[in-house]
Amino acid sequence: MRRWLGNRSLAAKLRAIIVFAAAAALLAASVLYASGEVLSLRRDLAERLQSFATGVAADTTTPLRFHNRALARNVLDALRTDPDIHRVTLYDAAGAVFVDFPIGLADDAVAVPPLTKDRDAVQFTGLARARIRVPVLFDGNPVGSLQIEAHFPELYARLPGHLKNFLLGLLVACVVAYVLSWRLQRVVSQPVRELLHVAHTVRENKDFSIRADKHSDDEFGALIDGFNG
């Protein structure tokens, strides 16, 4: 970019800098906003599944207490209604697998996931995958745990929309930045053009009595004072 701007006019350089800065700022803001939206949606989806699993887990106390796997499967079939759930595993109080079965596109040959021991009931693995564990309680005492593996394709479905909005916003921001830079660059380029015009006049006419007009006390003002001196 430096090589491309090397021989451009000062006004063109200022416009390019302003447009580039606006685009970079919009890119950073868009990435942060989109990331926050996706992570917030992922958290909401996981909390919804956690509430659903908690309700189903309450109905597995009887199958666990009486070691009735067939009844447990019938209870856990309610989780099949959620398309985000790909695997369901019910553990007994000792942490041994009581019932395990895949749902939807999950592979039955995949090894049974280990029982999550962390305090967090929800663990995310990657952007769109989560492992959710809820306790199975009877009279306030744990008699097992229900763990589900979930995948949230909705997160990926949102990405094209975010990308479309970003590109549209980038286009609008660049147009606005360019229009503003066209007017604002005059504050910097106009004194330079005036000084160049005076310098050319002095060189052509050999009249060293000509002075450049000073409009400000900034670096341009100091440059004009130096030239006049």
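Attention in this report is confined to the structure presented alongside it. (Residues numbered from 1 in each chain as written. Predicted model: local features only at pLDDT ≥ 70, side-chain atom pairs only at ≥ 80, totals over all residues. Heavy atoms only, no water.)

Looking only at helices and strands, the protein has 7 helices and 5 strands in total. Reading the secondary structure of the protein in the N-to-C direction produces α-α-α-α-β-β-β-β-β-α-α-α. In the protein, which comprises 229 residues, the proportion classed as buried is 33%. In the protein, of all internal contacts separated by at least 6 residues, the share reaching a separation of at least 24 is 57%. About 14500 Å² of surface is accessible on the protein, with carbon and sulfur atoms providing 60% of the total. (Helix = DSSP H or I, 4+ residues; strand = E, 2+ residues; numbered from the N terminus. Buried < 20%, exposed > 50% of the residue type's maximum accessible area, 1.4 Å probe, protein only. Contact = heavy atoms within 4.5 Å. Areas by Shrake-Rupley, 256 points an atom, 1.4 Å probe, with all protein chains shown as cover.)

On to the pairing of strand β1 (residues 85-92), then. Of all 8 residues in β1, 7 are buried; the element is thus mostly enclosed. Sheet analysis places β1 next to strand β5 (residues 141-151), joined by 7 bridges and oriented antiparallel. Bridged to Y91 within β5 is S145. Linkage of β1 to strand β2 (residues 97-102), two consecutive antiparallel strands, is achieved through a turn of 4 residues, within which G95 is found at a positive phi near 90°. (Pairing = 2+ DSSP bridges.)

So, about the sheet that holds β5. Taken in spatial order, the 5 strands line up as β2-β1-β5-β4-β3 in an open sheet, and their pairing is antiparallel. Single-partner strands in this sheet number two, and they are β2 and β3 (122-124). When strand polarity is set aside, the average angle formed by the axes of neighbouring strands in this sheet is 15°. Pairing of β1 with β2, which is carried by 5 bridges, proceeds in the antiparallel orientation. What sits directly across from T89, in β2, is D100. Strands in contact with helix α4 (residues 69-76) are β1, β2 and β5; relative to β2, the strand with the most contacts, it is inclined by about 45°. (Axes fitted to C-alpha atoms, helices over the stretch in contact; angles between N-to-C directions.)

Core analysis: the biggest nonpolar cluster contains 32 residues, and L76, L79, V88, L90, L146, I148 and F152 have the highest contact counts within it. For this core, the leading source of residues is helix α2 (residues 10-57), giving 8 residues. Leave out the neighbours within four places in its chain, and I148 touches L49, A53, L79, I85, R87, V88, A130, R131 and I132. Ranked by size, the runner-up nonpolar core spans 5 residues in total, among them L195, V202, A212 and I224. (Core = buried A, V, L, I, M, F, W, Y, C linked by side-chain atoms within 4.5 Å.)

This paragraph deals with the packing of aromatic side chains. Per the stated rule, a full pass over the model turns up 0 aromatic pairs. A cation over a ring is seen here: R42 above F124, with NZ or CZ 3.9 Å from the ring centre. Just above the ring of F138 sits the side chain of R65; from NZ or CZ to the centre is 4.0 Å. (Phe/Tyr/Trp six-rings, centres within 6.5 Å; stacked < 30°, edge-to-face > 60°. Lys NZ or Arg CZ within 6 Å of the ring centre and 35° of its normal.)

Another point: unusual backbone geometry. The backbone of H67 sits at a positive phi, close to 55°, despite the residue not being glycine. If you trace the backbone, H67 turns up in the loop between α3 (61-65) and α4. Residue D139 is not a glycine yet carries a positive backbone phi of 55°. Tracing the sequence through the fold places D139 in the loop between β4 (129-138) and β5. Under the relative-accessibility criterion, D139 is labelled exposed at 67%.

Here helix α5 (residues 153-184) crosses helix α6 (residues 186-205) at 35°, and the two axes come no closer than 6 Å. Where α5 approaches α6, its residues W182, R183 and L184 are matched on the opposing element by R186, V187 and V188. Of the residues contributing to the contact of α5 with α6, the split by class is 4 nonpolar, no polar and 2 charged. (Nonpolar A, V, L, I, M, F, W, Y, C, P; charged D, E, K, R; others polar.)

By themselves these figures say nothing about function.
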